[in-house]
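Residues per chain, in single letters:
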Amino acid sequence: MRKLLNTVYVTNEMAYLTLDGENLVCKIDGEIKLRIPFENIENIVCFNYIGCSPALMGKCVGKTIPINFISPQGRFLAKVCGETKGNVFLRVAQIDRFREKGLILTQNTMAAKFSNTRQLIRRTLHDNAELRDDAEIQKVVQTLTSGIDQLYKAQSVEEVVGIEGYCAQSYFSIFNKLITNKKVPFTFELRTKRPPLDPINAVLSFVYTLATSEFAAALETVGLDSYIGYCHTLRSGRVSLACDLVEEARCLVERFVITLLNLQILGVKDFEQQVSGAVWLNDEGRKKVLSRWQEKKRSDMMHPYLKQKIPMGLLPYVQSNLLAKYVRGDIEVYPSFLLK
């Protein structure tokens, strides 16, 4: 269990939360591991199976401290809270803020995406000397760099999205070169989404979906409406704000997929092809990806804004919390996630 931005995150799946006077107590196998006064808590997010005591839930309702239950895989399950008037005001502020600041939010998000993509490429070049002089890769790095400058000259969100589309197309034109293990039985030619038409696209789409659902769950825990975004257009049934925030973290998904392929975790038998030409992970393939993704989310990373280590799986919750603070006016600028 850890506290970030006044939110308590219970990441141990076997932890149990209970009440002791004016304190929240965390127990594992009956042993007290942590005690936190309620005055230091504004939100609780539980990834544990065992849950918490009814007395604690009643205390939190009385103090209007929401308790959010998330499955260990990152799916939002339920929320226990008192009156929802605070969330109503937050969502009104969200709409107003996004209408007023939608362009700069979109510019910052896409600038972070381009910068993080550039860092991903540079990491591959650092590990593979034979690629450092590749003219196509260097051209893509330059395109991403100039793309950041172009973003801040754009006059509309639509113009920013157009720049993003061009840079993404350029990046995916060299994506196959980042898969450096020549024994990988797949090749990547271009990004295909609905549906994916080859195994690599199938894995990318699957993990992008996982990440987006995790951001949607995280937004729910802080009271923001994941269906109201600032970049992706509103569409019935689409979690537009989760799609916005996941742009900053796509580099983590792509690095993860590249690692899976380079280590040959996935093989031809992990996919199935439909009559329509669509390619999907089969049950065994999904199990492999999900187990490795869970391992990845438990690994520590240094958060560039908090200046402290967090499990990678908490990144959606930290970014959602920061965005909520920005919407409320607690901070002047929403700090996009940037790889260092």
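Residues numbered from 1 in each chain as written. Predicted model: local features only at pLDDT ≥ 70, side-chain atom pairs only at ≥ 80, totals over all residues. Heavy atoms only, no water.

### Focus on the overall build of the chain
Put simply, the rule is: The way it works is that DSSP assigns letters per residue, a run of H or I at least four long becomes a helix, a run of E at least two long becomes a strand, and they are numbered from the N terminus. The globule rule is 2.2 Å times the number of residues to the power 0.38, and the radius of gyration it is compared with is taken over C-alpha atoms. Type-normalised accessible area, obtained with a 1.4 Å probe on protein chains alone, sets the label of each residue: buried when under 20%, exposed when over 50%, and partly exposed for intermediate values. Note on definitions: a residue-residue contact is assigned when non-hydrogen atoms from the two residues lie within 4.5 Å. Calculation of accessible area relied on Shrake-Rupley with a 1.4 Å probe; when residues are assessed, cover is drawn exclusively from the protein chains displayed. We treat Lys and Arg as the positive residues and Asp and Glu as the negative residues; His and chain ends play no part in the count. To locate a charge, take atom NZ for lysine, CZ for arginine, CG for aspartate or CD for glutamate.
The secondary structure content of the chain amounts to 9 helices and 13 strands. Computed over C-alpha atoms, the radius of gyration of the chain comes to 21 Å, within 12% of the 20 Å expected from 2.2 N^0.38 for 340 residues, which places it in the range of a compact globule. Across its three principal directions, the C-alpha atoms of the chain cover 65 × 45 × 40 Å. Classification of the 340 residues of the chain by burial places 53% in the buried group. Sequence separation of at least 24 residues holds for 60% of the intrachain contacts in the chain that already meet a minimum separation of 6. Accessible surface, the chain as shown: approximately 16300 Å² in total, 51% of it carbon and sulfur. Separation of charge centres in the chain, based on 44 positive and 36 negative side chains, amounts to 2 Å.

### A word on the packing of aromatic side chains
Put simply, the rule is: Stacked, tilted and edge-to-face are the three classes assigned to paired rings of Phe, Tyr and Trp, where Trp is represented by its six-membered ring and a pair needs centres within 6.5 Å; plane angles under 30 degrees give stacked, over 60 edge-to-face, the rest tilted. By the criterion adopted, a ring carries a charge over it if an Arg CZ or a Lys NZ lies within 6 Å of its centre and within 35 degrees of its normal.
Using the criterion set out here, one finds 8 aromatic pairs in the structure. Here the aromatic rings of Phe98 and Tyr230 are separated by 5.3 Å at their centres, their planes lie at 75°, and the arrangement is edge-to-face. You can see Phe98 sitting in helix H2 (residues 85-127) and its partner Tyr230 sitting in the loop between helix H6 (199-222) and helix H7 (240-262), a full 132 residues away along the chain. In this pair, the class of Phe98 matches that of Tyr230, namely buried. For the pair Phe172 and Phe188, a centre-to-centre distance of 5.8 Å together with 40° between the ring planes defines the contact as tilted. Taken together, the positions of Phe172 in helix H4 (residues 157-172) and Phe188 in the loop between helix H5 (175-178) and H6 put the pair 16 residues apart, joining distant regions of the chain. Here the aromatic residues Tyr171, Phe172, Phe175 and Phe188 are joined through ring pairs into a cluster of three or more. Just above the ring of Tyr208 sits the side chain of Arg250; from NZ or CZ to the centre is 4.3 Å.

### A short note on helix H9 (residues 315-328)
The line we're drawing: An expected span of 1.5 Å times one less than the residue number is assigned to each helix.
Between its first and last C-alpha, H9 extends 20 Å over 14 residues, near the 20 Å set by a 1.5 Å rise per residue. With 13 of 14 residues buried, H9 lies mostly within the body of the structure. Downstream of H9 by one or two residues, Gly329 has phi in the positive range, about 90°.

### Examining the sheet that holds strand E3 (residues 15-20)
To summarise the sheet geometry, strands pair through backbone hydrogen bonds and adopt either a parallel or an antiparallel arrangement. Condition: Strands are treated as partners if at least two bridges between them are detected by DSSP. The axes are straight lines fitted to the C-alpha atoms, using for helices just the contacting stretch, and the angles between their N-to-C directions are given from 0 to 180°.
Taken in spatial order, the 4 strands make up an open sheet running E5-E4-E3-E7, and their pairing is mixed. Looking at strand neighbours, the two that pair on one side only are strand E5 (31-37) and strand E7 (51-52), the edges of this open sheet. Running at roughly 65° to E3, helix H1 (residues 54-62) makes contact with E3, strand E4 (23-28) and E7 of the sheet.

### A word on empty space enclosed by the protein
Rolled over the atoms, a probe as big as a water molecule pinpoints where empty space is left. What counts, and what does not: Computed over the protein atoms alone on a 1 Å grid, cavities are sets of points where a 1.4 Å probe fits but cannot get out and pockets are open sets with protein on both sides within 12 Å along at least five of seven lines; a residue lines them when it has an atom within 4 Å of a point. Grid points are joined across faces, edges and corners, and a volume is the space filled by probe spheres set on the points.
Under the definition given, this model contains 1 cavity of 30 Å³ or more. Of the volumes computed, that of the largest cavity is approximately 110 Å³. Lining the largest cavity we find 13 residues, and of these Glu214, Phe215, Trp293, Met312 and Pro316 sit closest to its centre. Elements represented by at least two residues in the lining of the largest cavity include exactly H6, H7, helix H8 (283-298) and H9.

### Thoughts on the pairing of strand E6 (residues 43-46)
Burial of the side chains of E6 extends over both faces: Asn43 and Val45 are buried on one face and Ile44 and Cys46 on the other. One ladder, built from 4 bridges, connects strand E2 (residues 7-10) with E6; its direction is parallel. In the sheet register, Tyr9 faces E6, and the bridge partner there is Val45.

### Some words on the environment of Ala249
Note that Ala249 resides in helix H7. Separated by 187 residues in sequence, Ala249 and Gly62 place their C-alpha atoms 36 Å apart. In this structure, Ala249 is in contact with Phe215 and Leu315, ignoring residues within four places of it in sequence.

### Things to note about the pattern of salt bridges
Pairing is possible between side chains of opposite charge, provided their charged atoms come close. Heads up, the rule is: Salt bridge criterion: a side-chain nitrogen from Lys or Arg within 4 Å of a carboxyl oxygen from Asp or Glu.
Tallying each qualifying case throughout the model produces 14 salt bridges. Between Lys63 and Glu22 there is a salt bridge, with the nearest N and O atoms lying 3.6 Å from each other. Here the residue Lys63 occupies a position in the loop between H1 and strand E8 (67-70), and Glu22 occupies one in the loop between E3 and E4, the gap between them amounting to 41 residues. On the basis of relative accessibility, which here comes to 36%, the residue Lys63 falls in the partly exposed class. The shortest N-O distance in the salt bridge between Arg328 and Asp330 comes to 3.1 Å. A residue is classified by how much of its surface remains accessible, and Asp330, at 48% relative accessible area, is partly exposed. One continuous salt-bridge network, built from bridges that share partners, spans Lys113, Glu164, Glu247 and Arg250.

Fair warning: the whole summary comes from geometry, so function is off the table for now.
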